[in-house]
Amino acid sequence: MKEIWTTMASMMGVWAFCQSLLHTVFPPALRYASLKFLQRLHSWFSSYCYYDITEIDGVNTNELYNAVQLYLSSSASITGTRLSLTRGLNSSTITYGLSNNDRLVDTYNGVTVEWEHVVTQRQSQTFSWRPLPEEKRGFILRVKKKNRQVVLGSYLDFVMEKANEIRRKNQDRLLYTNSRGGSMDSRGHPWESVPFKHPSTFETLAMDPEKKAEIMADLLDFANGESFYQRTGRAWKRGYLLYGPPGTGKSSMIAAMANYLGYDIYDLELTEVNTNSELRKLLMKTSSKSIIVIEDIDCSINLTNRKKNGGGSANSGGRKNNHDAASPAPPGANGEDGGSTITLSGLLNFTDGLWSCCGSEKIFVFTTNHIEKLDPALLRSGRMDMHINMSYCSFSAFKILLKNYLEYEDTDLEKPMLEELEGVVEVAEMTPADISEVLIKNRRDKNKAVRELLEAFKTRAEQNRAKKLLESKRNEVEDEEQEKRALDIPKDGFDQLEETCNKCEEKDDEKIH
Ligand SMILES: Nc1ncnc2c1ncn2[C@@H]1O[C@H](COP(=O)(O)OP(=O)(O)OP(=O)(O)O)[C@@H](O)[C@H]1O
Ligand SMILES: [Mg+2]
């Protein structure tokens, strides 16, 4: 034992001597150069290569660093007694990651890589416009040299993609609005956002199950259709027009779509947008995987006809200063696109032009209570690919409401009652909103709720019948009056003609005499 200690002491003495010799013989510059040389020598002979991914790249945050951190948090191989936990802004989920100086091995397409999280103290605060954190953080990726191409070619893209997916899954949906008009916030963002927590889903939506399934399949095809859109040369976007009377579930459908696909919603208030270029800027600042909504489009802008100038009843509830693209621009307007007003043409470009595909995977949804007021140009396929009629409550939709509000199944209701309801639901022409009000009011007493609804259906059905009768009578009377007028016109004309002829004859007679 004593011998070992003696040997160790003498070895340390030799090491200390060598070090002091090195310090005196070699100046610092030479020392640095030889260190570099040794490192190079090591990298030549080593079968590995290393990539540094630092948290801050110059003065900007390195997106890849954040992505790697998020990606590794999903790794099944993360173990250990010390992990770092994070909860991001607008997120209700906690993610965990590698803590300082920990390592993790990952495999991708048969290639093994090793990640190390390195945290060191920042030496001195260099000058910077914004204060830098005291710690320098980064990842070192160790890869076998022969696998370098795989890592640089596709692994890092895969990491970024996976991280985005995790971020979306962890993050609450956001609802954006442009209520600030065209002005931007300090980060140059024209949209304001709040967490989107609407509980509407396709399950809670009362509508014909077949129609519902068709819409869901269409949405899913869209979301999974990247390669299809790429192959066919189409921008990866889709337009839906939801039309129907108030209270039939158009807004609820939008919320259900967002919840189904996990997309954010941009609720575009057209009346707050002053020019086409402002509209374009707003579009540029929308993210991928989002639904851009324009509600009550017939009330927001004059959309009667691109070719005609202004006017039109559609404008009555909307803006006064808009004009059509084809109409002469008012003084001060800079022409069609950069003009000082927002036009239908600008809106069409917004949904279908080159700008509509900035970012990708976007859904446009327009809603209206009056489809007949919309310009056909806006409705054509490619702009509004699917027209969804949200109409009065059908019997199948009614059964969904019964199930949602009263937890009723078909079999819970007696057959005569069910048949009676079936006979009146559709003629009553009540909206799901009307029906749900009755159900909410009586949800503690299911039988009372159904009885009250049946009464409401019958009353409304009766009112509708009376209204239709009155209307047909009014039409009959109008037709009769029109017929009479049609007969009157030639008669009046004939009387006038006869009178003129008589006068002429009298004059002729006078001349002869
Ligand atoms: N099809 C439906 N399924 C389930 N609930 C519905 C449906 N339609 C309407 N409702 C209920 O009625 C309320 C109003 O519906 P919603 O706002 O979706 O109607 P809307 O068609 O957008 O009306 P508006 O044209 O006035 O904007 C919602 O809170 C929802 O609970
Ligand atoms: Mg609505």
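Residues numbered from 1 in each chain as written. Chains lettered and ligands numbered in written order. Predicted model: local features only at pLDDT ≥ 70, side-chain atom pairs only at ≥ 80, totals over all residues. Heavy atoms only, no water.

An unreviewed UniProt entry lists the chain under the name AAA+ ATPase domain-containing protein, from Fraxinus pennsylvanica. The chain has a UniProt comment under Sequence similarities (unreviewed entry) that states "Belongs to the AAA ATPase family. BCS1 subfamily." Its UniProt record gives the chain the following Cofactor (unreviewed entry) comment, quoted word for word: "Mg(2+)". (UniProt positions renumbered as here; feature names shortened; annotations may be inferred.)

(A) Here's a closer look at the sheet that holds strand 6 (residues 103-108). Pairing is antiparallel across the open sheet formed by four strands, whose spatial order is 1-8-7-6. The sheet terminates laterally at strand 1 (48-54) and strand 6, the two strands that pair on one side only. Each strand of the sheet is rotated relative to its neighbour by a mean of 25°, with strand direction disregarded. One ladder, built from nine bridges, connects strand 7 (residues 111-121) with strand 8 (residues 135-144); its direction is antiparallel. Bridge pairing in strand 8 links valine 118 to glycine 138. Together, strand 1, strand 6, strand 7 and strand 8 form the strand contacts of helix 3 (residues 63-73), whose direction differs from that of strand 8 by roughly 70°. Sheet strands in contact with helix 4 (residues 148-170) are strand 1, strand 6, strand 7 and strand 8, and its direction is about 130° off that of strand 8. (Pairing = 2+ DSSP bridges. Helix = DSSP H or I, 4+ residues; strand = E, 2+ residues; numbered from the N terminus. Axes fitted to C-alpha atoms, helices over the stretch in contact; angles between N-to-C directions. Contact = heavy atoms within 4.5 Å.)

(B) Expanded view of the site of ligand 1. Around ligand 1 sit 14 residues in total, of which Ala206, Gly247, Lys250, Ser251 and Ser252 are the nearest. Interatomic distance of 2.7 Å between a backbone N/O atom of alanine 206 and a nitrogen atom of ligand 1. Glycine 249 places a main-chain nitrogen or oxygen 3.0 Å from a nitrogen atom of ligand 1. Of all the secondary-structure elements, those providing two or more residues to the shell around ligand 1 are helix 7 (250-261) and helix 14 (432-441). By residue number, the principal contributor to the shell around ligand 1 is helix 7, which donates three residues. A class-by-class count of the residues in the shell around ligand 1 yields six nonpolar, seven polar and one charged. (Near = heavy atom within 4 Å. Polar contact = N/O pair within 3.5 Å; in protein donor to acceptor, adjacent residues only side chain to side chain. Nonpolar A, V, L, I, M, F, W, Y, C, P; charged D, E, K, R; others polar.)

(C) Quick peek at the packing of helix 3 against helix 4. Two numbers describe how helix 3 lies on helix 4: the axes approach to 8 Å, and their chain directions differ by 70°. Between helix 3 and helix 4, the interaxial angle falls into the category roughly perpendicular. Seen along the crossing, helix 3 lies across helix 4 with a hand that is left-handed. Only Tyr155, Phe158, Val159, Met160, Lys162, Ala163, Ile166 and Arg167 of helix 4 make contact with helix 3, whose side of the interface consists of Glu63, Leu64, Asn66, Ala67, Val68, Leu70 and Tyr71. In the contact of helix 3 with helix 4, the residues fall into eleven nonpolar, one polar and three charged. (Parallel < 35°, antiparallel > 145°, perpendicular 65-115°, else oblique. Left-handed = near helix turned anticlockwise from the far one by under 90°.)

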